Amino acid sequence: MTEQSVTRIQVGGTEGTAPYEVLVGRQLLGELPGLIGRAGGPPAGGRGRVAVLHPEALAGTGEAIREDLAAQGYEAIAVQLPNAEEAKTAEVAAYCWKVLGQTGFTRTDVIIGVGGGATTDLAGFVAATWLRGVRWIAVPTTVLGMVDAAVGGKTGINTAEGKNLVGAFHPPAGVLCDLAALDSLPVNDYVSGLAEIIKAGFIADPAILDLVESDPEGARTPAGRHTAELIERSIRVKAEVVSGDLKESGRREILNYGHTLAHAIEKNERYKWRHGAAVSVGMVFAAELGRLAGRLDDATADRHRAVLESVGLPLTYRGDQWPRLLETMKVDKKSRGNLLRFIVLDGLAKPTVLEGPDPAVLLAAYGEVSA
């Protein structure tokens, strides 16, 4: 990929939604006015309103985008949010609704979410609920945001009872993945995002695993030789799956590989653990669950540990927390009544659903990730 080249990945419209593009490249902010225009807002030079939602940590970036859009004729405002998961609350959403109401935000106006996955989740939820749905654009600035949170139309906030239990399916009008934003990302945040990339490799595109294994140190940094390809491949996996199943009524469930335990860990840690770190442990657990259930071969199960450990992701969690984690998993959105459901693998790139596993098997699988 050259400095100015742009990869365009289409996410197909389904269930009454319009298709949209995910743009991947460097120095892409110049593409933003075009996306706003396609989002239904007025053309550059018009008087349409744009609300730029950004976390406190990206105040400079949010203000720069606001100034740039204002210079092009938009009535642009910047709305500062708390950092990370602290943004995903009903109170923060209500604050955003108040700002939109006070500025006269209408259905022809556009919301832009600039930041990591928590920011784009919140921005999408605010867009879904304001006037029963206004257009929005995601500008993810983390690996996790680019390959997972910003693509697919899932929006949501957390509650005391769990993660993402309140939300809506509201696809963006476009996603802008400027790889330059990753250059200043702290290494732990960058590595956390690799968990979602590796997940895509296990459930659908094993070439991702080959790339990581060929240069694990390079995979840990945005300067790695495979960075753009890893991100693009992961986005293509998600785009292909969500294009056929917007509302998680079928195949989209496979994207939750490793997430059932991961969400329970995040809640147990009061969202202080990075999402990717929890997903890493969750995938090792899912691999062991698949192995113990007689679904997954030893080599593929062991490969989980090897590839995740090679990039510095965690493999274990506190053993004494199993009873609390089990109770939390029972209210996971994939559960049906009292029936626990997990995504496991029948083999590499062969995801499937395991329903109602034996409690003894669950405990044994957790024993394999217990610290």
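Keep in mind that this is a model prediction, so the values were computed, not measured. (Residues numbered from 1 in each chain as written. Predicted model: local features only at pLDDT ≥ 70, side-chain atom pairs only at ≥ 80, totals over all residues. Heavy atoms only, no water.)

Some thoughts on the UniProt feature "binding site: NAD(+)" (unreviewed entry) in the chain
Just so we agree on the cut-off: UniProt positions are given in the numbering used here, feature names are shortened, and annotations may be inferred rather than shown by experiment. Only runs of H or I of at least four residues qualify as helices and only runs of E of at least two qualify as strands under DSSP, and these elements are numbered from the N terminus. Relative accessible area decides the class of each residue, using a 1.4 Å probe on protein chains only: under 20% of the type maximum gives buried, over 50% gives exposed, and in between gives partly exposed. In this analysis, two residues are considered to be in contact whenever any of their non-hydrogen atoms come within 4.5 Å of each other.
Within the UniProt annotation, "binding site: NAD(+)" (unreviewed entry) is assigned to Gly117, Ala118, Thr119, Thr120, Asp121, Thr141, Thr142, Lys154 and Lys163. In this structure, threonine 120 sits in helix α4 (residues 117-129). Looking at threonine 120, the relative accessible area reads 1%, which means it is buried. Other than its neighbours up to four places away in sequence, threonine 120 contacts Gly113, Gly115, Trp136, Ala138, Pro140, Ala149 and Ala150. Mapped onto the elements, aspartate 121 comes out in helix α4. Judged by its relative accessible area of 11%, aspartate 121 is buried. Ignoring any residue separated from it by four or fewer positions in sequence, one finds aspartate 121 in contact with Lys88, Ala149, Lys154, Thr155, Gly156 and Asn164.

Looking at the pattern of salt bridges
Convention followed: By convention in these notes, a salt bridge is any Lys or Arg side-chain nitrogen within 4 Å of a carboxyl oxygen on Asp or Glu.
Considering all chains together, one arrives at 29 salt bridges under this definition. Between arginine 26 and aspartate 183 there is a salt bridge, with the nearest N and O atoms lying 2.9 Å from each other. Note that arginine 26 is positioned in the loop between β2 (20-25) and α1 (32-38) and aspartate 183 in the loop between β9 (174-178) and α6 (187-203), a separation of 157 residues in sequence. Accessibility expressed as a relative area gives 19% for arginine 26, which makes it buried. Here aspartate 183 falls in the partly exposed class, since its relative accessible area comes to 46%. We note a salt bridge from arginine 291 to aspartate 298, for which the minimum N-O separation is 3.1 Å.

A short note on the pairing of strand β10 (residues 341-345)
Put simply, the rule is: If DSSP finds at least two bridges between two strands, the strands pair.
Of all 5 residues that make up β10, 5 are buried, and the element is covered over most of its length. Here β10 shows a buried face lined by Arg341, Ile343 and Leu345 and a second buried face lined by Phe342 and Val344. The pairing of β10 with strand β11 (residues 351-355) spans 5 bridges and is classified as antiparallel. Paired with leucine 345 across the strands is proline 351, a residue of β11. Turn length for the β10-β11 hairpin, with the two strands adjacent in sequence and antiparallel, is 5 residues, and the turn residue alanine 349 shows positive phi of about 65 degrees.

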